[in-house]
Amino acid sequence: MYHLSLICSLLLALCSGEALISSDRRSFRKSHPKPSTIQNGVLSSRKDEESHPSALNCTWKYVEQPLSHFARGLSDTYMERLCVYDKYWKTAADSGTNTPGPVFFYTGNESPVEEYVNNTGLIWDLAIEFNALIVFAEHRYFGESIPEINGMSNCLSYLSSQEALADYASIVNLMRRGGSTSSIKSPMKTDWVELDSMDLSQSAFITFGGSYGGMLSSWMRIVYPHQIDGGKLGIYIYAYIY
């Protein structure tokens, strides 16, 4: 019941914000210009810099993933990188609702994950309002999450959306179980030792993503409905084959 009300609240917040923005976008921009600053040749908004953390503020973690979740007889693994921000998250005792804050899980796409950490605003804004834990997961074969296969250089055989979805589902499962030393043992190895003291078993897991990442976000809800409670996505591709 709590998870359903959370998703409804998210939808309300999103719809209200989009209605306000679209109602008079031009006049709003003219009357509320964002102060800008130039640093190292890059023009950016001071407001965004002050209100949203960046990759520098995150804790970087790694989890061991199988090279393939589906190929039989393959024991190779690789380390997948995560960006974690827990400053907004509240435990069940601190939230006042007897339920811990939700987990906002960003399904990374075709770039190093810090690009999405630094250029995504909505997930940060909603995390403040809903006391959420933020996790950005890096897509396999991008950034620092690149498998190394002995005897096969530049092998892309295991680069697929199906494998990426299975990676993300494994991470969610690990988080729900409470880390490597929980009562329910997980076969995954990770340096995210703080999970052992975090109870996320009752948290709602909401996926976020845009473009291809938005497609991954929606597919997560479709393929792994027992793991994902809802999703917020932006997609400009209306026909696709899965």
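Our structure's up above, just so we're on the same page.
Residues numbered from 1 in each chain as written. Predicted model: local features only at pLDDT ≥ 70, side-chain atom pairs only at ≥ 80, totals over all residues. Heavy atoms only, no water.

Visitor: Give me the lowdown on the packing of helix α7 (residues 161–177) against helix α8 (residues 212–223), citing residues and values where you can.
Guide: Two numbers describe how α7 lies on α8: the axes approach to 10 Å, and their chain directions differ by 65°. Here α7 and α8 pass one another in a crossing that is right-handed. Residue-level inspection shows Ser161, Leu165, Tyr168 and Ala169 of α7 in contact with α8, the latter providing Tyr212, Leu216, Trp219, Met220 and Val223. (Axes fitted to C-alpha atoms, helices over the stretch in contact; angles between N-to-C directions. Helix = DSSP H or I, 4+ residues; strand = E, 2+ residues; numbered from the N terminus. Left-handed = near helix turned anticlockwise from the far one by under 90°. Contact = heavy atoms within 4.5 Å.)

Visitor: Describe the nonpolar core, with residues and values.
Guide: Leu133, Ile171, Met175 and Leu200 are the most contacted members of the largest nonpolar core, which has 28 residues in total. Sorting the residues of this core by element identifies β4 (77–85), β5 (103–107), β6 (133–137), α7 and α8 as the ones contributing at least two each. In terms of residue count, the dominant contributor to this core is α7 (8 residues). By size, the runner-up hydrophobic cluster in this structure holds 20 residues, among which are Ala55, Tyr85, Val117 and Leu126. (Core = buried A, V, L, I, M, F, W, Y, C linked by side-chain atoms within 4.5 Å. Buried < 20%, exposed > 50% of the residue type's maximum accessible area, 1.4 Å probe, protein only.)

Visitor: Describe the packing of aromatic side chains, and please don't skip the residues or the numbers.
Guide: Enumeration according to the criterion identifies 7 aromatic pairs in this entry. Each ring, one from Phe105 and one from Tyr168, has its centre 5.8 Å from the other, and the planes form 70°; the classification is edge-to-face. Placement of Phe105 in strand β5 and of Tyr168 in helix α7 is noted, with a sequence separation of 63 residues between them. Both residues of the pair, Phe105 and Tyr168, belong to the buried class. Ring pairing ties together the aromatic residues Tyr85, Tyr88, Tyr106, Tyr116, Trp124 and Phe136, which thus form one cluster. Note that Lys87 overlies the ring of Tyr85, its terminal NZ or CZ placed 5.6 Å from the centroid. (Phe/Tyr/Trp six-rings, centres within 6.5 Å; stacked < 30°, edge-to-face > 60°. Lys NZ or Arg CZ within 6 Å of the ring centre and 35° of its normal.)

Visitor: Account for helix α6 (residues 122–130), naming residues and giving values.
Guide: Within α6 the residues assigned to the buried category are Ile123, Trp124, Leu126, Ala127 and Phe130. One or two positions beyond α6, positive phi appears at Asn131, with a value near 55°.

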